[in-house]
Amino acid sequence: MDARGRPIRGLREIDEEQAEVVRRIFREFARALAARTIAAMLNADGTKAPRESNSRASTINGDGRPAMASCATSST
């Protein structure tokens, strides 16, 4: 937080443990494994999902909603 109590934007630190999980997911996708299979592998290894105790296909794929849907604007 800055002197006014606002969050300081842009300062990030990579969590190497989490980053390795992300790299692993990308490697498994590159091997053409399905999200459900990757999730099962993560669960079997005891890797916890960010907000859940176990990974599911939706943990890997996301929920299908655009992240910035509320920011979409029309140019007309």
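Residues numbered from 1 in each chain as written. Predicted model: local features only at pLDDT ≥ 70, side-chain atom pairs only at ≥ 80, totals over all residues. Heavy atoms only, no water.

## Focus on the nonpolar core
Looking at soluble globular proteins, one finds that nonpolar side chains tend to be buried together. Inclusion rule: The criterion is simple. A nonpolar core is a set of buried Ala, Val, Leu, Ile, Met, Phe, Trp, Tyr and Cys residues joined through side-chain atoms within 4.5 Å. Relative accessibility thresholds used throughout: buried, under 20% of the residue-type maximum; exposed, over 50%; partly exposed, between the two (1.4 Å probe, protein chains only). Here a strand is any run of E in DSSP of at least two residues, a helix any run of H or I of at least four, and the numbering for each starts at the N terminus. Any two residues whose heavy atoms approach within 4.5 Å at even a single point are treated as in contact.
Grouped together as the largest cluster of nonpolar side chains are 6 residues: I25, A35, I38, A39, L42 and I60. The element contributing the most residues to this core is helix 2 (residues 35-44), with 4 residues. With residues near it in sequence (within four places) discarded, I38 still touches I25, E28, F29, L33 and I60.

## Quick word on helix 1 (residues 16-30)
The cut-off we apply is this: Expected span, for any helix, means 1.5 Å times one less than how many residues it has. The term polar contact refers here to a pair of N or O atoms within 3.5 Å; inside protein, the definition further demands a hydrogen-donor-capable atom paired with an acceptor-capable atom, and it admits residues adjacent in sequence only when both atoms are side-chain atoms.
Spanning 15 residues, helix 1 covers 21 Å between terminal C-alpha atoms, matching the ideal 21 Å at 1.5 Å per step. Burial in helix 1 covers these residues: A19, R24, I25 and E28. Among the structural elements, helix 2 and helix 3 (57-61) are those in contact with the buried residues of helix 1. If you check the start of helix 1, you find a side-chain oxygen 3.0 Å away from the backbone N of E17, and it comes from D15. Backbone geometry just after helix 1 places A32 at a positive phi near 70 degrees.

## Quick word on unusual backbone geometry
We note that A32 has phi near 70 degrees; this positive angle belongs to a residue other than glycine. If you trace the backbone, A32 turns up in the loop between helix 1 and helix 2. With relative accessibility at 66%, the residue A32 sits in the exposed group.

## Examining the confidence of the model for the protein
Spelled out, the test is: The predictor reports its confidence for every residue as pLDDT, a score running from 0 up to 100.
On average, residues of the protein carry a pLDDT of 83, and 83% of them reach 70 or more. In this model residues 70-76 is a low-confidence stretch, pLDDT under 50, and it forms 0 contacts with partners more than four residues away in sequence or in other chains.

## Some points on the side chain of E28
Following the sequence through the fold, E28 ends up in helix 1. Polar contacts involving the side chain of E28 include one to the side chain of R31, which spans 2.6 Å.

## With respect to the environment of D15
By secondary structure assignment, the location of D15 is in the segment before helix 1. Polar contacts involving the side chain of D15 include one to the main-chain amide nitrogen of Q18, which spans 3.1 Å.

## A short note on the environment of A34
Residue position: A34 is located in the loop between helix 1 and helix 2. For A34, a relative accessible area of 41% puts it in the partly exposed group. Sequence separation between A34 and A57 is 23 residues, and the spatial gap between their C-alpha atoms is 8.2 Å.

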